[in-house]
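Observations on the three-dimensional arrangement
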Amino acid sequence: TATVSEFAGTFEQQILPTMKPSARESYRSAYRCYLEPVLADYRLDEIRGPVPQQVVSFMLDRGLARKTILNALTTLASMLTAARDWEYMASKLDWEKLRLPPKPAKREERYFTPEEAQAIIDAAPEPWNVCFAFMAYLGIRCGEAVGIGWQHLDLERGVLMVRQSNWRGILLDVKSQENRQNLPLPAELVRLLYAYWHAGAAS
């Protein structure tokens, strides 16, 4: 047996190093801000019935969004699953017994028009104009755009090979296999890349 606080130390030492850096940061934030203040002294096998609902109430009192609450509960569920895998006496988070706030109305997303996106690209200095062009023309994520190297570009065939992502200066694999793709480069982007190449960026 172990308390949530005791097992959190084991979880951080044994499991966090196997996660991507962004996932590690997300776990630490969720645990320290939302789980530890409410559940630290509970035993793992006591996380059942009304106990997990205390986390929801704690977060609602602070005006936090439904998505943030779900992220914290997902972290708790992962901890409990790991504990059971290692033969601790631990409950299983029963999602059906949790009472969550209703989903908010979906707001219409604000998108840049093609003219606005091009104005941003034209105004940005190198290499950010190239980075913004990748995102605007191809719809790839910011981390994927920053993670592109010359070895991922075939300018003669006009192809970008999306293979990695950059998270705070750390190169990682792309988020999922669906993101590992070859994308055709539009002529405008090829011209921009050639100009960047000839300006000495390739060195």
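All values reported here derive from a predicted model rather than from experimental measurement.

In the structure shown here, the tally under the stated rule is ten salt bridges. With a closest N to O distance of 3.6 Å, E144 and R141 form a salt bridge. One salt bridge connects R157 with D154, and the closest N-O pair in it is separated by 2.7 Å. Residue R157 is classed as exposed on the basis of its relative accessible area of 59%. In this structure D154 comes out as partly exposed when scored by relative accessible area, which is 21%. Here the salt bridges share partners, and the residues they tie into one network are E12, R28 and R32.

For the rest of this paragraph, the subject is the environment of H152. Summarising the element assignment, H152 is placed in the loop between α7 (142-146) and β1 (153-154). Distance from H152 to L171, taken between C-alpha atoms, is 14 Å for residues 19 residues apart in sequence. If sequence neighbours within four positions are ignored, H152 has contacts with G147, V159, L160, M161, R163 and Q164.

What follows deals with the nonpolar core. Counting residues in each nonpolar core, the largest one holds 32 residues, and the members touching the most others are F7, F11, L39, L44 and M79. Here this core gets nine residues from one element, more than from any other, and that element is helix α4 (residues 66-85). Setting aside anything within four residues of it in sequence, one finds L44 in contact with A2, T3, V4, F7, L80, A83, Y88, M89, A90 and S91. Formed by 20 residues, the second largest nonpolar core is a distinct cluster that contains I148, L160, V190 and L193.

The next thing to look at is the sheet that holds strand β5 (residues 182-184). Read from one edge to the other, the open sheet built from three strands follows the order β1-β2-β5, with strand pairing classed as antiparallel. The open sheet terminates on both sides in strands that have one partner only, identified here as β1 and β5. Bridging between β1 and strand β2 (residues 159-161) involves two bridges; their strand directions are antiparallel. Bridging across to β2, L153 finds its partner in L160.

A few words now on the packing of aromatic side chains. One pass over the structure, following the stated rule, counts eight aromatic pairs. Here Y27 and Y31 contribute two aromatic rings whose centre-to-centre distance is 6.1 Å and whose plane-to-plane angle is 10°, an arrangement assigned as stacked. Placement of both Y27 and Y31 in helix α2 (residues 21-39) is noted, with a separation of four residues, approximately one turn of the helix. Just above the ring of F58 sits the side chain of R62; from NZ or CZ to the centre is 3.6 Å.

Let us look at helix α3 (residues 51-61). Those residues of α3 that sit buried are V51, P52, Q53, V55, V56, F58 and M59. The elements touched by buried residues of α3 are α2 and α4.

Turning our eyes to something else, we now look at the pairing of strand β3 (residues 164-167). Across four bridges, β3 lies against strand β4 (residues 170-173) in antiparallel orientation. Looking at the pairing, S165 lines up with L172 of β4. Between β3 and β4, which pair antiparallel and follow one another directly, the connecting turn spans two residues, one of which, R168, has a positive phi of 50°.

Okay, unusual backbone geometry next. Between E126 and the following residue, P127, the backbone shows a cis peptide bond with an omega angle of 0°. Its place among the elements puts P127 in the loop between α5 (114-123) and α6 (128-138). Even without glycine at this site, E87 takes up a positive phi of about 65°. Along the chain, E87 falls in the loop between α4 and α5.

Mean pLDDT over the protein: 92, with 98% of residues reaching 70 or higher. Helix α8 (residues 187-201) is the least confidently modelled element of the protein, averaging 84 in pLDDT, while α3 averages 97, the highest of any element.

What counts as what
Residues numbered from 1 in each chain as written. Predicted model: local features only at pLDDT ≥ 70, side-chain atom pairs only at ≥ 80, totals over all residues. Heavy atoms only, no water. Salt bridge = Lys/Arg side-chain N within 4 Å of Asp/Glu carboxyl O. Buried < 20%, exposed > 50% of the residue type's maximum accessible area, 1.4 Å probe, protein only. Helix = DSSP H or I, 4+ residues; strand = E, 2+ residues; numbered from the N terminus. Contact = heavy atoms within 4.5 Å. Core = buried A, V, L, I, M, F, W, Y, C linked by side-chain atoms within 4.5 Å. Pairing = 2+ DSSP bridges. Phe/Tyr/Trp six-rings, centres within 6.5 Å; stacked < 30°, edge-to-face > 60°. Lys NZ or Arg CZ within 6 Å of the ring centre and 35° of its normal. pLDDT = per-residue confidence, 0-100.

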